[in-house]
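The lines below spell out each chain.
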Amino acid sequence: MNMAILKRFELTLCAAPFIALLSLSIPAFADPPSRVGRVTLIQGDTSFFMDSDEGWRKAQINFPVTSENSIWTENNGRAEVRIGASAVRINDHSLLDFVRLQDEEVQTFLQRGSMNLRLRGDDSADRNDSREGNDNFRVETSEGQFVFAANGRYRIDASEQGGETRVSVFAGRARFENGDSRISIEAGKSLVVRGNSDATDFRFESASESAFDRWAESRDQSWNQVHTRYVSERTISPYMTGYEDLD
């Protein structure tokens with residue numbers, strides 16, 4: 001055997017145990033979340049929960065938002081979280097948990113208060129990643145679970161003591177789920193769900209916008225222009241969190 005080849009072979013044999021030992025000593029880090037939102041607006045008293053070690057802390061702009069995070073507003077507080085091309089906004093005296101934030105779905109739990117959703121689906125038929133922008137967005141309250149279509153504007157109100165949830169659909173469509181119950185909510189309608197120990201009552205009403213909804217819509221006006229341009233130009237994905245700040 002050629003002496004140079006033999007020496008390289010011997011070095012490889014000597015190094016192999018060391019490499020194996022080194023790989024065992026390096027700690028295994030958890031994979032980072034595949035999808036992350038961010039805090040894009042804070043008004044008034046707003047707190048954020050990231051992990052149990054730090055507990056609740058004062059919310060700040062650009063805080064990353066992922067699974068098992070929570071946001072809480074008090075007096076005159078409002079907050080906005082953007083996830084890709086969608087926005088989650090909560091009014092004052094509201095508490096929202098981000099239970100699961102993944103590529104394929106977003107699951108939240110509204111403990112109390114009001115939240116406004118602006119969901120944008122995929123505007124392109126031939127995108128490389130068909131999952132992008134097609135959110136399976138779910139909001140749970142004490143009365144059950146609500147599923148929202150990927151394109152639409154919605155408001156969810158959950159009473160502070162529990163017992164009643166109102167879902168208003170301004171554009172798009174939603175669905176209420178609780179056990180075997182499935183109730184569709186079309187645009188222009190509100191579904192009021194009242195639960196007690198004996199039964200759950202349902203009532204449809206006309207959807208009416210509040211001052212909170214009008215504020216949320218005003219936040220969308222300039223953003224809509226940016227989003228539409230990025231969709232048409234295709235310079236960067238408008239379903240990537242933070243894309244609008246590159247404008």
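First, a word on what this report is: a plain description of the structure on this page.

1. Some thoughts on the pattern of salt bridges
Pairing is possible between side chains of opposite charge, provided their charged atoms come close.
Turning to step 1, where the next piece is worked out: In total, this model carries 17 salt bridges according to the counting rule given.
Turning to step 2, where the next piece is worked out: Taking the shortest distance from any N to any O, the salt bridge between Glu 209 and Arg 153 comes out at 3.0 Å. With Glu 209 in the loop between strand S17 (200-206) and helix H2 (211-233) and Arg 153 in strand S12 (residues 152-158), this pair connects stretches of sequence that are 56 residues apart.
Turning to step 3, where the next piece is worked out: On the basis of relative accessible area, Arg 153 is assigned to the buried category, the value being 17%.
Turning to step 4, where the next piece is worked out: Of the charged contacts in the structure, one is a salt bridge between Glu 164 and Arg 194, with a shortest N-O distance of 2.6 Å. Placement of Glu 164 in strand S13 (residues 164-171) and of Arg 194 in strand S16 (residues 189-195) is noted, with a sequence separation of 30 residues between them.
Turning to step 5, where the next piece is worked out: What makes Glu 164 partly exposed here is its relative accessible area of 25%.

2. With respect to the nonpolar core
Turning to step 1, where the next piece is worked out: Membership of the largest hydrophobic core comes to 35 residues, with the highest contact counts inside it found for Phe 98, Met 115, Leu 117 and Phe 148.
Turning to step 2, where the next piece is worked out: Broken down by element, the residue count for this core peaks at 5 residues, all from strand S9 (residues 106-119).
Turning to step 3, where the next piece is worked out: Those residues in contact with Phe 98, other than ones at most four positions away along the chain, are Val 65, Thr 66, Ser 67, Glu 68, Asn 69, Ile 71, Val 81, Ile 83, Val 88, Gln 107 and Thr 108.

Rules and cut-offs
- Residues numbered from 1 in each chain as written.
- Predicted model: local features only at pLDDT ≥ 70, side-chain atom pairs only at ≥ 80, totals over all residues.
- Heavy atoms only, no water.
- Salt bridge = Lys/Arg side-chain N within 4 Å of Asp/Glu carboxyl O.
- Helix = DSSP H or I, 4+ residues; strand = E, 2+ residues; numbered from the N terminus.
- Buried < 20%, exposed > 50% of the residue type's maximum accessible area, 1.4 Å probe, protein only.
- Core = buried A, V, L, I, M, F, W, Y, C linked by side-chain atoms within 4.5 Å.
- Contact = heavy atoms within 4.5 Å.

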